[in-house]
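Notes for the structure review
Listed below are the residues making up each chain.
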Protein chains: 4
Amino acid sequence: MTLINDVMHEVNEVMDLVKEDQIDDAEGLIQMDRRIFVLGAGRSGLMAKGFAMRLMHIGYTVFVIGETITPAIKAGDVLVAVSGSGKTGSVVEPTEKAKQDGVKIVAVTSNADSPLAQLGDAVIIVPGATKAGDGVQSIQLLSTLFDQSVHITLDILCLKLSRRDHVSNGMAKSTHSNLE
Amino acid sequence: MTLINDVMHEVNEVMDLVKEDQIDDAEGLIQMDRRIFVLGAGRSGLMAKGFAMRLMHIGYTVFVIGETITPAIKAGDVLVAVSGSGKTGSVVEPTEKAKQDGVKIVAVTSNADSPLAQLGDAVIIVPGATKAGDGVQSIQLLSTLFDQSVHITLDILCLKLSRRDHVSNGMAKSTHSNLE
Amino acid sequence: MTLINDVMHEVNEVMDLVKEDQIDDAEGLIQMDRRIFVLGAGRSGLMAKGFAMRLMHIGYTVFVIGETITPAIKAGDVLVAVSGSGKTGSVVEPTEKAKQDGVKIVAVTSNADSPLAQLGDAVIIVPGATKAGDGVQSIQLLSTLFDQSVHITLDILCLKLSRRDHVSNGMAKSTHSNLE
Amino acid sequence: MTLINDVMHEVNEVMDLVKEDQIDDAEGLIQMDRRIFVLGAGRSGLMAKGFAMRLMHIGYTVFVIGETITPAIKAGDVLVAVSGSGKTGSVVEPTEKAKQDGVKIVAVTSNADSPLAQLGDAVIIVPGATKAGDGVQSIQLLSTLFDQSVHITLDILCLKLSRRDHVSNGMAKSTHSNLE
């Protein structure tokens, strides 16, 4: 058996455990008349950025916490926060503050008992191995399996949103950055 | 004489040569009903980002080329492009493309004869030394004097915009990112 | 059948077509005594960054083209360039320049006939759908399927590198950013 | 009197209050055999990045907290932390943690009595107006005057370092990113 097979076996195992109705709960919170903010550290942060970029292609007003033009977050906005362990300080603390200000929270984590999961108005559990040791065991380093599974999970959420919002591939293409 | 004095002497010399009516020309192009995009490489890119952040505080819809959520640029948008030499490929080429698409260009450069300056609907010449050797001579490395002077020049443009648009310090503060 | 199943079916189909010996070719170029640079635009760029971060955890000296502290690339360095279509200007042009300067190129693309693939000293073909229409067809938007498959493919490369270099999970954890 | 004059009057006033021996203290901590990390939020963060980029040009091993390839910080490293108010949570908290781990701290702030200043092994006070209301009063928005003055102050530190380390303009140019 090859390493490609070994790794795909892990990814399939995690994705079998992701609950599609949790993705649907998040879908319900993400609406065109709300501003969407995303937050994550390290590789989780890169997954959050990939999600934000696709939301922009679909037509959402979306911001990445920590990027240049991100304004203040306010009641009525939605914050999608990603942390494998659900305990990363630079993710949990801003999420707590946003929650207190009336922001709706979508928590994406491996750990259903974590502080981040407790803050979620919608919670998506992606039980891939993290560097804290949660979730399905993995031969891969640190939180690699979590990152891979979160990537696919958030893309499935985008697919659901694009269908609900009747956004075609051509429409998304016309919004895609044209100065690369 | 101290190094602080030496450097401030250089900055003052460059800023004496910046023409306030060129800043006013740029101000005329930047309007609340237009989307503003900024573009720059290296340290010029950081100055462009600082300008974008302040435009956001004032209330503009602004995007940084290369960041996550930046959509396609279109006719009717404004592109503020910064390059000391006015010849940086990763700045000039996208600016040419945008110009052809009907985007209004604000060119910020040390070199009035450069390709970038030629593309500008408004041009702000900031004649600080660049790593290409343009402008006021400097004891500082590479394009340091250009970066410092561009920083201040774009902040003066922000000050003019905030006054024109009646945006107070308190209003800007309420838009400032609140998750730091 | 659920959307999770539909999407995983696509990812498995692409990963079945990725050739493990192409990953091994790339592994041969990536060595501890070489500096590794990564390059990509948009979501491909985020995948390149995720790869760079993991290389750092394993112990490599690695830089992301476009980030703050990235120095000049020189003969003897390795450039890992990612583009679904293999035609993205902001990826192909710097790769051509680097190649001429004696840099070794790892090209990661969906399109084996593309300009980027032609430049590769090692080439990894990841035949997921891209926004240019290459590769395995997909129900997902734009180059989503390519992004997902590239993510997993580059992680498999990291797994091979960490085993070759005898880097354990604990060793990688000690290098992981500790100020989040 | 023009706005350019008004703003330059403010910048000169602040720079007259910056103490060159405080810059010299920071210079003493920054050595070629130490890794240098920089940290800042918002526009202060952009100034920190500009400083990091120039340190790289001079020849230092330098990292920006929050960027892709930044490793764990350890005893013996130096952290340059920038915050106008000296109270920004996302700057002060990591600085405290780093200090406890044996990292040397260079604190750059407007406020000599702030938590950040208390943490500094070297402290550079740049008394420009901040959005918290510290320092020399300004007609400019938020912490603009602080940003401008920090920019110039850190560039003066770079000038001192390049002279001490015998790095010429040509040497810095050869390290400058060559894929723009």
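Values in this document were obtained by computation on a predicted structure and should not be read as measured data. (Residues numbered from 1 in each chain as written. Chains lettered and ligands numbered in written order. Predicted model: local features only at pLDDT ≥ 70, side-chain atom pairs only at ≥ 80, totals over all residues. Heavy atoms only, no water.)

Some words on the overall build of chain A
Inclusion rule: Under the DSSP-based scheme used, a helix requires at least four consecutive residues in state H or I and a strand at least two consecutive residues in state E, with every element numbered from the N terminus. What the globule rule says is 2.2 Å times the number of residues to the power 0.38, and the radius of gyration is computed from C-alpha atoms.
Regarding its fold elements, chain A presents 7 helices and 5 strands. From first element to last, N terminus to C terminus, chain A shows the α and β order α-α-β-α-β-β-α-β-α-β-α-α. In terms of C-alpha radius of gyration, chain A reaches 16 Å, essentially the compact-globule figure of 16 Å for 180 residues. Summarising its shape, the C-alpha atoms of chain A cover approximately 45 × 40 × 30 Å along the three principal directions.

Considerations on the sheet that holds strand 5 (residues 122–125) of chain D
All names here are of chain D. What counts is decided by this rule: At least two DSSP bridges between two strands are required for those strands to pair. Geometry is summarised by axes, namely lines fitted to C-alpha atoms with helices restricted to the contacting stretch, and by angles between N-to-C directions that run from 0 to 180 degrees. Throughout, a residue-residue contact means that at least one pair of heavy atoms, one from each residue, lies within 4.5 Å.
Read across the open sheet, the 5 strands follow the order 2-1-3-4-5; overall the sheet is parallel. Whereas interior strands pair on both sides, the edge strands pair on one side only; in this sheet they are strand 2 (62–64) and strand 5. Across the sheet, the mean angle separating the axes of adjacent strands is 15° when strand polarity is ignored. One ladder, built from 5 bridges, connects strand 3 (residues 78–82) with strand 4 (residues 104–109); its direction is parallel. In the strand pairing of strand 4, Val82 is matched with Val108. Packed onto the sheet, helix 6 (residues 144–164) meets strand 3, strand 4 and strand 5 and runs at close to 135° relative to strand 4.

Some points on the UniProt feature "domain: SIS" (unreviewed entry) in chain A
As a reminder, the rule being used: UniProt positions are given in the numbering used here, feature names are shortened, and annotations may be inferred rather than shown by experiment.
The feature "domain: SIS" (unreviewed entry), as given by UniProt, occupies residues 26–167 of chain A in the numbering adopted here. Each end of residues 26–167 of chain A is marked by a C-alpha atom, and these two atoms are 18 Å apart; helix forms 42% of the span and strand 16%.

Examining the pairing of strand 3 (residues 78–82) of chain B
All names here are of chain B. Applicable threshold: Burial classes: relative accessible area under 20% of the type maximum marks a residue as buried, over 50% as exposed, and values in between as partly exposed (1.4 Å probe, protein chains only). When the strands point away from the viewer, a crossover counts as right-handed if the route from the first strand across the helix to the second turns clockwise.
Most of strand 3 sits out of view: 5 of its 5 residues are buried. In strand 3, alternate side chains face the same way, and those of Val78, Val80 and Val82 on one face and Leu79 and Ala81 on the other are all buried. As judged from the 5 bridges shared by strand 1 (residues 36–40) and strand 3, these two strands associate in the parallel manner. If you follow Leu39 over to strand 3, its bridge partner there is Ala81. Tracing the backbone out of strand 3, into helix 4 (residues 89–100) and back to the parallel element strand 4 (residues 104–109) gives a crossover that is right-handed.

Observations concerning the relation of the copies chain C and chain A
Using the following cut-off: Alignment of the copies relies on least squares applied to C-alpha atoms, considering only residues that score at least 70 for pLDDT in both.
Once chain C has been moved 0.0 Å along the axis and rotated by 180°, it coincides with chain A to within an RMSD of 0.0 Å. Overall, the copies show the geometry of a two-fold rotation axis. Judged by C-alpha distance, Leu46 of chain C is the residue of chain C that lies nearest the rotation axis, at 3.0 Å. A share of 100% of interface residues in chain C that are also interface residues in chain A marks the association as one of identical surfaces.

Regarding the environment of Leu145 of chain A
Residues and elements named next belong to chain A. Inspection of the secondary structure assignment puts Leu145 in helix 6 (residues 144–164). For Leu145 and Ser85, which are 60 residues apart along the polypeptide, the C-alpha to C-alpha distance reads 13 Å. Among all residues touching Leu145, those that are not within four sequence positions of it are Glu10, Val11, Val14, Gly128, Ala129, Val136, Gln137, Ser138 and Gln140.

Regarding the side chain of His151 of chain C
Locating His151 of chain C in the fold gives a position in helix 6 (residues 144–164). A residue is classified by how much of its surface remains accessible, and His151 of chain C, at 5% relative accessible area, is buried. Excluding anything up to four places from it in sequence, His151 of chain C contacts Arg43, Met47, Asp147, Gln148 and His151 of chain A together with Met47 of chain C.

Some words on the pattern of salt bridges
This is how it is decided: By salt bridge we mean one thing: a side-chain nitrogen of Lys or Arg within 4 Å of a carboxyl oxygen of Asp or Glu.
In total, this model carries 40 salt bridges over all chains according to the counting rule given. We note a salt bridge from Arg43 of chain B to Asp147 of chain B, for which the minimum N-O separation is 2.9 Å. Taken together, the residues span a long stretch of sequence, with Arg43 of chain B in helix 3 (residues 42–58) and Asp147 of chain B in helix 6 (residues 144–164) at a distance of 104 residues. We note a salt bridge from Asp165 of chain B to Arg164 of chain B, for which the minimum N-O separation is 3.0 Å. One salt-bridge network, held together by shared partners, links Arg43 and Asp147 of chain A together with Arg54 and Asp155 of chain C.

Looking at the packing of aromatic side chains
Residue and element names in this part refer to chain A. To be explicit about the condition: Only centres within 6.5 Å qualify two rings of Phe, Tyr or Trp (six-membered ring in Trp) as a pair; their planes then separate them into stacked at under 30 degrees, edge-to-face at over 60, and tilted for everything else.
Under the counting rule described, the total for this entry stands at 4 aromatic pairs over all chains. Ring centres of Phe37 and Phe63 lie 5.3 Å apart, and the angle between their planes is 40°; on these two criteria the pair is classed as tilted. Separated by 26 residues along the polypeptide, Phe37 in strand 1 (residues 36–40) and Phe63 in strand 2 (residues 62–64) bring together distant segments of the chain. Neither residue differs from the other here; Phe37 and Phe63 are each classed as buried.

Things to note about the relation of the copies chain A and chain B
When chain A is fitted onto chain B, the two copies agree to an RMSD of 0.0 Å after a turn of 180° and an axial shift of 0.0 Å. In this assembly, 100% of the residues forming the interface of chain A have copies in chain B that are likewise at the interface, indicating an isologous arrangement.

Some remarks on the packing of helix 3 of chain B against helix 6 of chain B
Residue and element names in this part refer to chain B. Here is the rule: Our angle categories are set so that under 35 degrees counts as roughly parallel, over 145 as roughly antiparallel, 65 to 115 as roughly perpendicular, and the remainder as oblique. Here a crossing is taken to be left-handed if its near helix is turned anticlockwise relative to the far helix by less than a right angle, and right-handed if that turn runs clockwise. Each residue gets one of three labels, nonpolar for Ala, Val, Leu, Ile, Met, Phe, Trp, Tyr, Cys and Pro, charged for Asp, Glu, Lys and Arg, and polar for the others, Gly among them.
At their nearest, the axes of helix 3 and helix 6 sit 10 Å apart, and the two run at 15° to each other. Judged by the inter-axis angle, helix 3 sits roughly parallel to helix 6. Here helix 3 and helix 6 pass one another in a crossing that is right-handed. Of helix 6, the residues touching helix 3 (which contributes Arg43, Ser44, Met47, Phe51, Arg54, Leu55 and Ile58) are Thr144, Phe146, Asp147, Val150, His151, Leu154, Leu157, Cys158, Leu161 and Ser162. Here the residues of the contact of helix 3 with helix 6 are counted per class, giving 10 nonpolar, 4 polar and 3 charged.

Observations regarding the interface of chain A and chain B
Think of interface size as the accessible area that goes away when the parts come together; that is how it is often given. The criterion, for reference: By buried area we mean how much accessible surface two parts lose on assembly, using a 1.4 Å probe and totalling the loss over both. Counting of polar contacts relies on pairs of N or O atoms within 3.5 Å, with two restrictions inside protein: one atom must be capable of donating a hydrogen and the other of accepting it, and residues adjacent in sequence are counted only when both atoms are side-chain atoms.
Facing 26 residues of chain A, the contacting portion of chain B comprises 26 residues. Around 2200 Å² of area is buried between chain A and chain B when both sides are counted, 62% of it from carbon and sulfur atoms. Of all residues in chain A, Thr68, Ile69 and Leu179 of chain A give up the largest surface area on contact with chain B, accounting jointly for 35% of the area buried on that side. Here chain A is connected to chain B by 0 salt bridges. Along the contact surface separating chain A from chain B lie 8 residue pairs in polar contact (both at pLDDT 80 or more). Contributions of two or more residues to the side of chain A that touches chain B are made by helix 3 (42–58), strand 2, helix 4 (89–100) and helix 7 (169–175) of chain A. Considering each element in turn, the side of chain A that touches chain B owes the most residues, 4 residues, to helix 3 of chain A.

Quick look at helix 2 (residues 20–29) of chain C
This is how it is decided: Of all possible arcs, the one meant is that of the directions from the helix axis to the C-beta atoms.
Where helix 2 of chain C is concerned, the buried positions are Glu20, Gln22, Ile23, Ala26, Glu27 and Leu29 of chain C. Take helix 2 of chain C and look down its axis: the buried residues cluster within an arc of 165°, on one side only. On its buried face, helix 2 of chain C sits against helix 1 (3–17) of chain A together with strand 3 (78–82), strand 4 (104–109), strand 5 (122–125) and helix 6 of chain C.

Description of the sheet that holds strand 1 of chain B
Residue and element names in this part refer to chain B. Across the sheet, 5 strands lie side by side as 2-1-3-4-5; this open sheet has parallel pairing. Sheet topology places strand 2 (62–64) and strand 5 (122–125) at the edges, where each strand pairs with a single neighbour. Between one strand axis and the next, the sheet turns through 15° on average, direction left out of account. Relative to strand 2, strand 1 runs parallel, the two sharing 3 bridges. Pairing of Ile36 across the sheet is with Val62, part of strand 2. The strands that helix 3 touches are strand 1, strand 2 and strand 3; relative to strand 1, the one it contacts most, it runs at about 160°. Strands strand 3, strand 4 and strand 5 of the sheet are contacted by helix 6, whose axis makes an angle of about 135° with strand 4.

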